[in-house]
Every structure is written in C-alpha cells, then in structure tokens.
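# Architecture and fold: a report
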Amino acid sequence: MEEKLRNIKISVRNLVEFILCSGDLDNTRARSDADAMQAGSKMHRKLQKQMGANYTAEVPLSITVPVSREDISFELTVEGRADGIINNKFIREDFSVLVFEEEEANPPEIVIDEIKGVYLELSHLTAPIGVHRAQAMCYAYIYASKYGQQRIGIRMTYCNLETENLRYFEETFHYGELSDWFRQLVEEYAKWAAWQIKWVEKRNRAIKAMEFPFEYREGQKELVTGVYKTILRKKKLFIEAPTGVGKTISTVFPTVKAMGEGLVDKVFYLTAKTITRTVAEEAFNILGGNGLDFKVVTITAKEKVCVLDKPDCNPGACPRAKGHFDRVNAAVYDLLTSENDISREHIISYAEKHLVCPFEMGLDVTLWCDTVICDYNYVFDPNVYLRRFFNNEKQNDYVFLIDEAHNLVDRAREMYSAVLYKEDFLEVKRLVKDKSGKLARQLDYCNNDLLRLKRECDDFEVLDNVDGLCIHLMSLMTEYETFLQEGFITEGKETILRLFLDIRHFLSIYEIHDDNYTIYTDYEEERFRLKLQCMDPSRNLQNCMARGRSAVLFSATLLPIGYYMEQLGGKKEEDYAVYAPSTFLTENRLIMVANDVSTKYSRRNAREYEKICRYIKDFTQAKAGNYMVFFPSYQMLQEIAELMGGELEGLVVQSSSMTEEEKELFLEEFVENPEKSRIGFCVMGGIFSEGIDLKSNRLIGAVIVGTGLPMVCNERELFRGYFDQRNGTGFDYAYLYSGMNKVLQSAGRVIRTKDDRGAILLLDERFTQRQYNSLFPREWFPNVTVNQASMKSCLEGFWNA
C-alpha cells in the first residue's frame, strides 16, 4: 500500500509575510496593519454588510499541492479566509460593475477583495502594500485553480478607520501568471518545510525512546499522568504544587511525550520572572541529557541583546536595521541547519554574522522551534503577543505551560487595562506644533476633552463611557499616522512615539471593553489620568487560551484554587484542579503563629512596634544562621530597622530600587554554614519574596510581619465594590487573596529541598482567624500558636530535635 504523504499546513497570511517580507526595521514609521487590527475587524464587518448581493464575505479557501525537495516528498496545504468575493457574472442591473484600469470593457467575472483598515491618510497610499497584494493574489490563485477561472481580479480595499473613506487598488491576472508566481512562492517555502519534516521525524524518534529522568516522588507519577490526560482531552489543569514536588519537570515531560504522539505542535512555557525561565531551561536540558533532540528558544528582552546601548530600531541609528528583513530568513535558516542548540549566544552570533537584529531574529526563530520559553506578554498582551501564532481565532495544537500562575491575575488586569495622561497630550503638542499644525489641532481637541473630565473630577470619578473622546482620538490617530509616515520626528522622539502607542492601546481596549471593565478618572502624583480598568481578566484570557489545545497552570501558592480558576479563565464544570502533596517531612518545618501582636493600621503604635522588635530579636537569636524578615511596606521596614539598628548584628536592608547587581550582592550575604547570623529585612511582594532559591542552610528562618494586605486606595476600593456587587466577595478579591499570596510566597523561601530545616513565624493575630488560616496550604498543618514567652521554648525544642 502506498505510504500517505506528510502534510504541512500554513495560512495564506503567514506564507506571504514569511517569504515576501522585505526592507528595513524602522520604529519611526507606523505599521498600519498591526496598529489597526482591533478596530479593523469591526470595519471589515461593516463594509462587508454594505456590499451588494453579488458579494460573498469571509470565504474559506485552501489548496493542497504536492512538493518534492531533495529526498522528501510531501503535500503543502495553503489555507485562509478571503475577506470577500465579488461575482460580476450574476450582477443585477442596479449594481455597478467594478471598473478596472485594464480591459475596462471586459472586467473579470470574479474579483477577490482584500480589506485593510488603517489610520493612515489614504492620499499618502500610492500603491497597495506588498504583502496585502500578495495575500489577495494567493486567494485569487486558489479560487482560479478550484473553479477553472482563466482570468481573475483582485481588489485592495483600504479604509481609513476614522473618516471611513475608501481607496481601491485593482488588478486583473491571467491564470498562467498567477500559477507561475504561486509556484515560485511555494518553492521558496519548500526548503523550510523539508527541513521541518526531517527535524520532526528525528525529534519524535527521540521522544518515543525518552524515559522520565528521575525516580518518581510520591504523587509525581499521578501528576505527570494528569497533565498528559489534560492535553489529550483538550482541557485546562490548575495545579497547586508545593516546592519540592518537581512541578516543572512533571509538566514538561508529559507535554513533550504528547508532542511525540502528534497531539502537540508547539509548547509555550510562560513565566513572569527570569529565574523561572532559567528553571524551565534546566528542565529541557535534563531531558536533552537523556537523549531528547528538541529545539527550545528563550525570548530575551530586547534591551539585553541589542547591539546599541539603548534600542533604537531604525536605519539612521542602527546599521543592522537597514535591510534587516532582506537578510533575516537566511540568518534563521543558517542557524537552524548548523546548530542543534538554539541558545541566546548562538542567536547573537548568527545575527552578527548576517548583520540582523538579534531580538527580531529570535522572534523569527520561534516559528521553527518546538518550545518557546517567554514572558506572559508574548501570548496574552494585546500589544506584544506573537502575531505569527495568534493572529486569528483558529485553534492550533499549542500547549501553554503557565508557571507561577498566581502572578497572572494582576499581570492580566494590567495588560487588558489602558490609561491616558492629559499632560502627555500637552507635551507632544509642544514638540510637534512647529512641524504639523493639523496634528497639534487634533491633540488640542483631545486635551480639551480631558480638561472637561478633569474639571468634573475632584479626586476620583467613575464614568459610563468616553465615546466623544474616542471619536477625537481616532481623528488624532489619522494625523499621527501621517506625521510618523512622513518622518518629521527629531526632538522628543520617545515621548511622541509613546503617546502614539498609548492611544493605540487605549482605542484597542475601548473596542473590547464590556461589563468586566470600569472607566474612571483620578490623579496620580498630580497628573490627571483616564483609565480603562480591567476588573476581571478571565474572558480575555479565555479567548487567548482558546487559540491553543490545552493549558496547564501551576504554582506553589494557587490558593484558593476556585478564585484562581475563575480569574484565569477556567471552567469549574469542565476543567481540572489538583493538589500535589508535599514530599517534605513535616518535622523539618516549624510554623508558629503569634496571637498577641497586630499590624493593623489602627494598631500601629510604639507598643506594637516594640513587640515586633522583641519577636524578631528572640527568633533570630535562637540559633545562629541566615534569616529574612518580610514587611508589608517599605515604610514599616524602615521604621523597624531604625528601632533595631543597634540591637541586631548582621542586619542588611532591601532598598526600594535595587539594580540587578545590588540584588546579587544582597543575596551573597546569605552564605552556607555562616559563623554569624545574617538578617535581611525585605518587603513582601518584592524581589526577594519570590523567585529566589537559598537552599541548604543559606536560609533557616523567616518572619512574616503582617498579612500583606494591599493599602486601601481608590482602585482597590473599586475592586471591592465591583466584586461585592457581583458575588459578595469584595474584600477577599480586592485585599485578602492578594495579601495572603504574598505571605505564602515569602514563607516559601525557607524550605527549598527535602534536606532543609527551617522555622517560620507569622506575626499578626489575624492569622489565628479562620478567614486567614483557611488559606494556609495543607503542608502548613500542624502549626503552633505562640506568644512572646512560649515562642522561645518552642524554637528551642525545634532546633534541638
């Protein structure tokens, strides 16, 4: 029986953008297509509805062609959805036929319509953008092949999103010229597809032979099985897994196995911090050491790989920006075919060899790697998500492994919110008024709108809508786009570009805002701001995760699990949640709760501060070693540090804006087997309360001062009111869960391996209340309630055991 040919699928858009993208990397010129995406979708639908009876909208088209390359034969399926197809053959008398520049008397029966919404002034558009024209040509070829059309037309419809003015570019093609053009396009892509087929075959052979690299710990095999079944069933899994369970390898291994079975096309390992990206890299390296052939790329921040001291992506500032897109495909292919390891060092080296931007090259490499390790932004943020993977609503066989998922709630609220500052409009007007009177006038209109809102806002004001302002913002964007296209920027480039991006984001978010949003105005450090605040990010996250097959969200502090499932887009009736039991011995950890001290704002006085100081002193003097004390704010940290400065030897204090180097120096104080105690004063929720790994006896104790509740402010009270109205849980959602997560993360610094021993002291009588201790993880039981007198004997018994 003849073996079935391997099939490779690619969208029309991805094919033409990958093969035909050319020219310079230039941040001084607006890129209309990406900038107008959200508003453009709405305009698409509006224009399509206005067309006549001979117009068919959103027509799916695909073609499969046989390809032979070297020793490989396969099929390539090119697919997509044409914006519209105009059928002139069946046009009624009351519709006018499209007039084409060529062969006016005999227009083509079929015309492919490609619609693009832009903010650009249409008079500046003298020809269709190359990749847009190529998309239309692809659809024209597919349609002509399928229905035997010897002549076919394309029409590029550009619509200004503010004025709704239209500009058309029309062409007619004979089938032969489209066929030759498409064949050449496929031939260009064939070498990439052939490489991919060979690589996938090699990779899958290695995956099938791969075994779990360690002896399974208690509960770990069940966790691995649960992840695999979640992927198999196309669900989401929420894992609350204490430190030491091995959650990284337990999620990575079954996902890789599922890829070998053909269930997964690509893995996105998403993190909030650099340290967790390193942990993910180590997990894949361990599997690589056990025979796995796998291509993993980590997206590194632009600032860390840029060849300039400060990124400035345009030909005038960076020599690599000139012609970047002409050379980058060759650079990527060279790297893929020459190296097994897609490391940061290799990307930098090959970028230098081919004179391209290493950051942009790294993004292009993601297309060909099995796993992408990156920040949450690259999947969820509407401004920076990887459009090459998530540009449409189609579901792909992607798996999202979301580490430290408790961080995603606040990060997502931030990503899906938008803010404008009135003062920014005045500053940009000052910078551009001598270069563009039109732009200055539009900035003035928007500033006047904001001024009216400011006069109505004494301190904090909730609004129903800002429709009028948004109309003016869209007019402003048209002039802004023209200004950027004409390259007028000299002075204040960063300020001008930042406001452009802020307005673009604001309009994008306003387009999708719904009952999960609140609009308000207030003052931030005397600057008047208008904010679209995302209250509940679950719907937006759900839409993003729907573009993949499955998601696994895990953290050591995912409590209460129901809250995180709700806020992170889970469905209680469909998705799964598991608790992975701790493998650490309970006798190696002492957890004490002080019942005679409080950090409530109303009780912050000299007497309570004196108690806190005595507790810290007695706790840290019970045994020589390294300790951390976590405070709810810098203010309290500094106040206690001043009171105890002469009483504690070896005190080191976290400052409010530490550099990476200062952070490393701070942690270097915590050495193994110290002869004298070292005591670090830190802030809950800060850089030392999460993502640091002081193993063995580099840290033997932690004092948690207070419940970590955020300070009362207008925005927090907004959340409280919103969720009180929705489900009566306003205090919990706005304050309690956020504070307790900081407590759990800070305390989690102490026990990092099965051999570690350590003590944790919770300093606040509220921890004895059910509202708070019901959020303790299982491994925190049993715990001991203590007072000033009993704590000493409790510690003595633990350290002498």
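Residues numbered from 1 in each chain as written. Predicted model: local features only at pLDDT ≥ 70, side-chain atom pairs only at ≥ 80, totals over all residues. Heavy atoms only, no water.

### Re the nonpolar core
- M361, F380 and M628 are the most contacted members of the largest nonpolar core, which has 200 residues in total.
- Among the elements that line this core, the one with the most residues is helix 5 (residues 175-209), at twelve residues.
- Ranked by size, the runner-up nonpolar core spans 34 residues in total, among them M210, V224, V256 and F554. (Core = buried A, V, L, I, M, F, W, Y, C linked by side-chain atoms within 4.5 Å. Buried < 20%, exposed > 50% of the residue type's maximum accessible area, 1.4 Å probe, protein only. Helix = DSSP H or I, 4+ residues; strand = E, 2+ residues; numbered from the N terminus.)

### Topic: the sheet that holds strand 7 (residues 236-240)
- A sheet is described by the order of its strands in space; here seven strands give the open sequence 9-10-8-11-16-7-17, paired in parallel fashion. Strands with a single pairing partner mark the edges of an open sheet, and in this sheet they are strand 9 (296-298) and strand 17 (576-579). Ignoring which end each strand starts from, the neighbouring axes of this sheet average 15° apart.
- In this structure, strand 8 (residues 266-271) lies alongside strand 10 (residues 371-375), joined through five bridges in parallel fashion. Across the sheet, residue T271 finds its bridge partner in strand 10, namely D375. (Pairing = 2+ DSSP bridges. Axes fitted to C-alpha atoms, helices over the stretch in contact; angles between N-to-C directions.)

### Quick look at the packing of helix 17 (residues 437-455) against helix 18 (residues 467-485)
- Relative orientation of the contacting elements helix 17 and helix 18 amounts to 155°, with a least axis distance of 9 Å. On the basis of their axis angle, the class for helix 17 and helix 18 is roughly antiparallel. In the crossing of helix 17 with helix 18, the sense of the turn from one axis to the other is left-handed. Where helix 17 approaches helix 18, its residues K438, L439, Q442, L443, Y445, C446, D449 and L450 are matched on the opposing element by G468, L469, H472, L473, S475, L476, E479, Y480 and F483.
- Of the residues in the contact of helix 17 with helix 18, the class split is ten nonpolar, four polar and three charged. (Parallel < 35°, antiparallel > 145°, perpendicular 65-115°, else oblique. Left-handed = near helix turned anticlockwise from the far one by under 90°. Contact = heavy atoms within 4.5 Å. Nonpolar A, V, L, I, M, F, W, Y, C, P; charged D, E, K, R; others polar.)

### Structural notes on the sheet that holds strand 15 (residues 527-534)
- If you walk across this open sheet you meet the four strands as 12-15-14-13, and the pairing is antiparallel. At either margin of the open sheet sits one strand with a lone partner, and together these are strand 12 (418-421) and strand 13 (460-463). Adjacent strand axes in the sheet meet at a mean angle of 20°, parallel and antiparallel pairs treated alike.
- Relative to strand 14 (residues 517-524), strand 13 runs antiparallel, the two being bridged by four bridges. The residue of strand 14 that forms the bridge with L463 is I519.

### Quick notes on the packing of helix 22 (residues 606-621) against helix 23 (residues 634-644)
- Relative to each other, helix 22 and helix 23 sit at 70°, their axes nearing to 10 Å. Relative to helix 23, helix 22 is oriented roughly perpendicular. Taking contact as the criterion, the partners of Y609, I612, C613, I616 and K617 in helix 22 are, on helix 23, M636, E639, I640, L643 and M644.
- Grouping the amino acids of the contact of helix 22 with helix 23 by side-chain chemistry returns eight nonpolar, no polar and two charged.

### So, the packing of aromatic side chains
- Applying the stated criterion to the full structure yields 44 aromatic pairs.
- The interplanar angle of 80° and the centroid separation of 4.9 Å between the aromatic rings of F18 and W192 together place this pair among those described as edge-to-face. In this pair, F18 sits in helix 1 (residues 12-20) while W192 sits in helix 5, placing the two residues 174 residues apart along the sequence. There is no split in this pair, since F18 and W192 are both buried.
- A connected cluster of aromatic rings, assembled from ring pairs, spans F18, Y189, W192, W195, W199, Y333 and W368.
- Across the ring face of W199, the terminal group of K295 is positioned such that the distance to the ring centre comes to 4.4 Å.
- One Lys or Arg, R547, reaches over the ring of Y385 and ends 5.7 Å from the middle of that ring. (Phe/Tyr/Trp six-rings, centres within 6.5 Å; stacked < 30°, edge-to-face > 60°. Lys NZ or Arg CZ within 6 Å of the ring centre and 35° of its normal.)

### Structural notes on the confidence of the model for the chain
- Considering every residue of the chain, the mean pLDDT works out to 92; 95% of them sit at 70 or more.
- Of the regions scoring below 50 in pLDDT, residues 31-35 engages in 16 contacts with residues more than four places distant in sequence or in other chains.
- Below pLDDT 50 for its whole length, residues 92-103 participates in 27 contacts with residues either more than four positions away or in separate chains. (pLDDT = per-residue confidence, 0-100.)

### Structural notes on helix 12 (residues 358-365)
- The buried count for helix 12 comes to eight of eight residues, which makes it a mostly enclosed element.
- Those residues of helix 12 that fall on the buried side of the exposure criterion are P358, F359, E360, M361, G362, L363, D364 and V365.
- Looking at the buried side of helix 12, the elements it contacts are strand 9, helix 9 (302-305), helix 10 (324-338), helix 11 (344-354), helix 13 (377-380) and helix 14 (387-390).

### Topic: the side chain of Q220
- Examined against the element boundaries, Q220 turns out to sit in helix 6 (residues 220-232).
- Residues within four places of Q220 in sequence aside, it is in contact with F212, E215, V245, G246, I249 and S250.

### Observations regarding helix 8 (residues 274-289)
- If you check helix 8, its first and last C-alpha atoms are 23 Å apart, about what 16 residues at 1.5 Å a residue would give, namely 22 Å.
- For helix 8, the complete set of buried residues consists of T276, R277, A280, A283, F284 and L287. On an axial view of helix 8, the arc spanned by its buried residues comes to 115°, and they lie on one face. In helix 8, those exposed residues whose orientation departs by more than 90 degrees from the buried face are N285 and G289.
- Taken from the residues just after helix 8, G291 is the one with a positive phi, measuring 100°. (Expected span 1.5 Å × (residues − 1). Arc of directions from axis to C-beta.)

### A few points about the pattern of salt bridges
- Applying the stated rule across the entire model yields 42 salt bridges.
- For D444, the salt bridge goes to K429, with nearest N and O atoms at 3.1 Å. Placement of the pair is D444 in helix 17 and K429 in helix 16 (residues 422-432), with a sequence separation of 15 residues.
- Relative accessible area serves as the criterion here: at 26%, D444 is assigned to the partly exposed category.
- Taking relative accessible area as the criterion, K429 reaches 25% and is therefore assigned partly exposed.
- Here the salt bridges do not stand alone but share partners, grouping D522, E524, R529, K531 and E715 into one network. (Salt bridge = Lys/Arg side-chain N within 4 Å of Asp/Glu carboxyl O.)

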